[in-house]
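Listed below, chain by chain, are the residues.
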Amino acid sequence: MVNWNFMDFLFRFFLSKIKNLTFVCLTEVELNANMYKKYGKSLIATLLYTLYLIFCPSAFAQTYGLKFQGHHVTLDERTELNLTPDEYINIQGEFELSFDFKAYPTFITSNRGLFGYIVRIINEENNNVDLLSTPTPNANLNVVIGNKNSILSVNYPEDAFKEWIKLRVKILLSEDRIIFYTPDSFYVQDNVGFREKDKFKIIFGANDLIKFKTTDVPSMCIKDVKLFEKGKLIHHWPLNETEGTFASDRLRKKKVKVKNPFWLMRSHQSWNEIFKRKINGPLIFAADLKSAKIFIIGIDQLLIYSVVDDQIFTVKYKNSSPLSNDGYRAFHNSRDNKIYCYLVDGEPLWSLDITTGEWTKSISVSSVQTKYKHHNQYYCDNNNSVYLFGGYGLHKYNNEIRKINLKDNSISDLPTNDSIFQPRYLAGLGALNDTIYIFGGYGSETGDQRINPQSYYDLFGYSIKDSSLFKKFEIPPVIDDMSVANTMWIDGVTRNYYALAFEKTKFDGYLRLVKGKLDEPEIEFVGDEIPFQFLDVRSYACLFYMPQVTKLFACSSYFDGVESTNTSIYSISYPPNRSIPQSLNPGENSRLEFYWYLLILAAILIAGAILFIRRIRPGKLRKNQIIAPHLTIETDDVNSINTEIEYQLIFFGGFQVFDSNDADITNKFSPLLKELFLLILLHTFKNNKGISSEKITEILWYDKSEKSARNNRAVNIAKLRSILHEIGTCELSKKTGYWKIDFKDSGIKGDYIDFLKITASKNNLTKQKVNRLIEITQKGPFLSNVHYEWLDEFKSIVSDKIIDTLVDFAKSCLVKEEADFIVHLADSIFNFDVINEDAMMLKSKAQYCMGKHSHAKATYDKFFKEYMAMYGQEYDQSFLDILEIKE
């Protein structure tokens, strides 16, 4: 007889570990207790389902879906998704069609682009219900009952133009009624004309069905199409394909036909070559981000690539071009809509009228010399100036910062900082607000090419306002001998940066798109590779983002040194998907999967054996160190947890601190000291490393100069040390280069410290520990009277940890024998999540086992109402389903 409480625990424990793998995203999978109960009735089923989560095509955290080609293409090129290509589908009683929807932003400005059929539902008698998109007088979603000439109009949800929204069409055949759900409301229409035992066609976009043929397709994207029968999911088409004209069903492997598909997965994964040409002589790139144009400036003509129109325009020069060699660099001036070119060899600065093709000499920049090749530049529209950083020439790397002021035709040197900005070239530059960021590069600390040249793996910033440099962090060396394309892009909303990196020592190499965050050193590859020929100053690459089409554009060139330049432009949809490792050959991929099967099977068996041994001999396991996601802490047996409630550091229910004599010293923490203390302490426990001075400065003194921030930090660190001395024996140190607080052997008691010990390992849980956790959390939410933007992540982690710990422990208990305890535990979960499904199931079952049947039903009914209020849809399981009682 299989112990299903044990199986449930094992299944969830293993899934929690899988979630931590960087290439797995479980949010796309229908994971809940009912699916487990349905498919997990054997160890083999559990294993196979776990393997499915790993190897299913949608397991990667990627952008996917189907983009419908609408009015922007010819009639024959428009997209159709037919869920019933061969025959009508037979559905009994009631059914629901749900899908994620987004209006494609490129064509929102075109009213005509929004008109068309999103989906049509048609029965065998040619009665139909249509969901249409219409642009006038306002953008509306319209439910049209064909045989009744009835139209129900609903304003477009505002978010539909920016992100995915869920739309649902529920049809009650026995009542001849349709309910249309948007994210924030629902609408009812009677007398549809459908009957029980009807069969249906379901078609998105265009279709060739007689009497219903149409080519009116709105510019939209669809994904995760689901079909429910009587509340039960019977089909799920994620639409996560990358090629082909069929889409696969996850549940029943039913393939559906797609005509003229544009798969989002591919457009967010693979670079699309949109321009490739050999051009006479050397050339330069520039871009006008406002009008979405990329300029290719040659010696005899200007090529303008219009991103929105996807067309190349040629402008012949009116007079002779000054571009006699490959040393020129260029930028677009948005104020006068001209391109400015300057030569690092000391020639005048020229401007080019992009309409007439006329060159004009502007100012002399003769002090700019050959040592600035492959430097970085940034045109600042606010002060109409160009900033130049670093460069290489005459066997020297440099770290000079220069400013060309276009208002008064002056050039000036700005202060630099050798400890932050080491001499380099081949770095990437991007800007956000009034700060310029420089990433990577190649150079040496002395600037001499002969003395230890190396790649840099750092990110630092330059404040235009203060003319000051500040270091951000080092990144992992993801590419040997890494260099970076000249320009990169920073997303102002997510604070993610994107740069093109390549290996400096390879001629026939690749550009790799990397994604990082301005606030942390983690970095990853996204998208596929782009072929790139590199030979020092003869090669050039840059990256632009065009918001009009939500795409990144990679431009590259290679000058043969004599006659011509090979140039290319590639595009990829934003945001780009995480790179998926490709196997060398099919055999290798098969072997890899086979090894994963063995590894997973071994992990499940080992986990089961450990749990079995612990249940028999719970006191024999040795002390160990548990490293949990986000939190690292030494864990012991229950005796290491304080048996008293009198804590010196109280975080649950509000911030409060007592000294070693039990006197309340909370008032000694000014708002700034309190934030500094929590910032260091929480980061100490988060990764056992602490927090850098740069991160502290960025959060607490972002508006001050480097010198002022350093002084403020030193003063407040000294004050904090004094207060910590009053609390007890603990040390505020920076021995590792990071600020951290060491409580080792201090005897200081804190509710957060005990919380970490209890939740660090689910394997070591006992009822005594769980009761202590409940006592701690019943005082109130974590740091409820403290509100910082950076603190939200910690609060969320604490809340999730509490819920996960209590739920997992409850599932290891026997409901009939410990019903009172489980009810108490479930109520504790509800304190943090009022519609927690696991807590509702646990409490209802426990109350039912106690003979309190009406109480159990009341618990379910309360959850049902709150679920409906929050999600705008009914909870999909009945009370009897929860209790596993057959009707």
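Scoring rules and cut-offs
- Residues numbered from 1 in each chain as written.
- Predicted model: local features only at pLDDT ≥ 70, side-chain atom pairs only at ≥ 80, totals over all residues.
- Heavy atoms only, no water.
- Buried < 20%, exposed > 50% of the residue type's maximum accessible area, 1.4 Å probe, protein only.
- Helix = DSSP H or I, 4+ residues; strand = E, 2+ residues; numbered from the N terminus.
- Arc of directions from axis to C-beta.
- Pairing = 2+ DSSP bridges.
- Axes fitted to C-alpha atoms, helices over the stretch in contact; angles between N-to-C directions.
- Salt bridge = Lys/Arg side-chain N within 4 Å of Asp/Glu carboxyl O.
- Expected span 1.5 Å × (residues − 1).
- Contact = heavy atoms within 4.5 Å.
- Lys, Arg positive; Asp, Glu negative; His and termini not counted.
- Phe/Tyr/Trp six-rings, centres within 6.5 Å; stacked < 30°, edge-to-face > 60°.
- Lys NZ or Arg CZ within 6 Å of the ring centre and 35° of its normal.
- Core = buried A, V, L, I, M, F, W, Y, C linked by side-chain atoms within 4.5 Å.

**Examining helix α7 (residues 693-700)**
Those residues of α7 lying buried are Ser 693, Ile 696, Thr 697 and Leu 700. Viewed along the axis of α7, the buried residues span an arc of 100°, placing them on a single side of the element.

**Focus on the sheet that holds strand β22 (residues 311-316)**
In spatial order, the strands read β19-β20-β21-β22; together these four strands make up an open sheet with antiparallel pairing. Taken across any chain shown, the strands that pair with only one partner, and hence form the sheet edges, are β19 (284-288) and β22. For this sheet, the mean angle separating the axes of adjacent strands, direction not counted, is 20°. Strand direction decides the pairing type here: β19 and strand β20 (residues 293-297), joined by five bridges, are antiparallel. Residue Asp 288 lies in a different strand from β20, and its bridge partner there is Lys 293.

**Structural notes on unusual backbone geometry**
Look at the link from Tyr 574 to Pro 575: it is a cis peptide, with omega at 0°. Topologically, Pro 575 is positioned in the loop between β43 (564-573) and α5 (586-616). The phi angle at Asp 176 is positive, at roughly 50°, despite the residue not being glycine. As for its position among the elements, Asp 176 is in the loop between β9 (165-172) and β10 (177-182). In this model, Asn 384 sits at a positive phi of 55°, which is unusual for a non-glycine residue. Along the polypeptide, Asn 384 turns up in the loop between β27 (376-380) and β28 (385-393).

**Topic: the sheet that holds strand β41 (residues 539-546)**
Strand order in the open sheet formed by four strands is β18-β43-β42-β41, and the pairing between neighbours is antiparallel. Either end of the sheet is taken by a strand with one partner, and the two such strands are β18 (272-280) and β41. For this sheet, the mean angle separating the axes of adjacent strands, direction not counted, is 15°. As defined by bridge partners, β18 adjoins β43 across eight bridges and the pair is classed as antiparallel. Among the inter-strand pairings, Ile 279 is bridged to a residue of β43, identified as Thr 565.

**With respect to the pattern of salt bridges**
With the rule as written, the count across this model stands at 30 salt bridges. One salt bridge connects Lys 515 with Glu 524, and the closest N-O pair in it is separated by 3.9 Å. Within this structure, Lys 472, Arg 495, Asp 519 and Glu 698 form a network of salt bridges that share partners.

**Topic: helix α12 (residues 819-830)**
Compared with an ideal rise of 1.5 Å per residue, which puts twelve residues at 16 Å, α12 spans 17 Å between its outermost C-alpha atoms and is within 8% of the ideal. Of all twelve residues that make up α12, nine are buried, and the element is covered over most of its length. For α12, the full list of buried residues reads Ala 819, Phe 821, Ile 822, Val 823, Leu 825, Ala 826, Ser 828, Ile 829 and Phe 830. Residues of α12 that are buried in the fold lie against α10 (767-777), α11 (791-810) and α13 (837-849).

**Thoughts on the pairing of strand β23 (residues 328-333)**
Every regular strand shows the same layout, with side chains that alternate between the two sheet faces. Most of β23 is tucked away, with six of its six residues classed as buried. On β23, burial covers both faces: Tyr 328, Ala 330 and His 332 on one face and Arg 329, Phe 331 and Asn 333 on the other are all buried. Pairing of β23 with strand β24 (residues 338-343), which is carried by six bridges, proceeds in the antiparallel orientation. In the strand pairing of β24, Arg 329 is matched with Tyr 342.

**Thoughts on the side chain of Glu 675**
Among the secondary structure elements, Glu 675 is positioned in helix α6 (residues 671-687). Buried charge without a salt bridge: Glu 675, with Lys 674 as the nearest opposite-charge side chain at an N-O distance of 9.5 Å. Ignoring any residue separated from it by four or fewer positions in sequence, one finds Glu 675 in contact with Ile 699, Leu 700, Tyr 788 and Trp 790.

**Focus on the packing of aromatic side chains**
Applying the stated rule across the entire model yields 51 aromatic pairs. Centre to centre, the rings of Tyr 498 and Tyr 574 are 5.4 Å apart; their planes meet at 75°, and the pair counts as edge-to-face. Remark: Tyr 574 occurs in the loop between β43 and α5 and Tyr 498 occurs in strand β38 (residues 496-503); sequence separation between them is 76 residues. For Tyr 574, a relative accessible area of 14% translates into the label buried. Clustering of aromatic rings is evident, with ring pairs tying together Phe 651, Phe 652, Phe 655, Phe 669, Phe 677, Phe 685, Tyr 752, Phe 755 and Phe 782. Just above the ring of Phe 262 sits the side chain of Lys 67; from NZ or CZ to the centre is 4.4 Å. It is Arg 424 that lies over the ring of Tyr 456; its NZ or CZ is 4.1 Å from the centre.

**Focus: the nonpolar core**
Buried together is how nonpolar side chains tend to be arranged in soluble globular proteins. Residues Phe 651, Phe 677, Ile 680, Leu 681 and Tyr 752 are the most contacted members of the largest nonpolar core, which totals 82 residues. Leu 681 has contacts with Leu 649, Phe 651, Ile 741, Phe 743 and Tyr 752, leaving out every residue within four places of it along the chain. By size, the runner-up hydrophobic cluster in this structure holds 48 residues, among which are Leu 81, Leu 83, Met 220 and Val 258.

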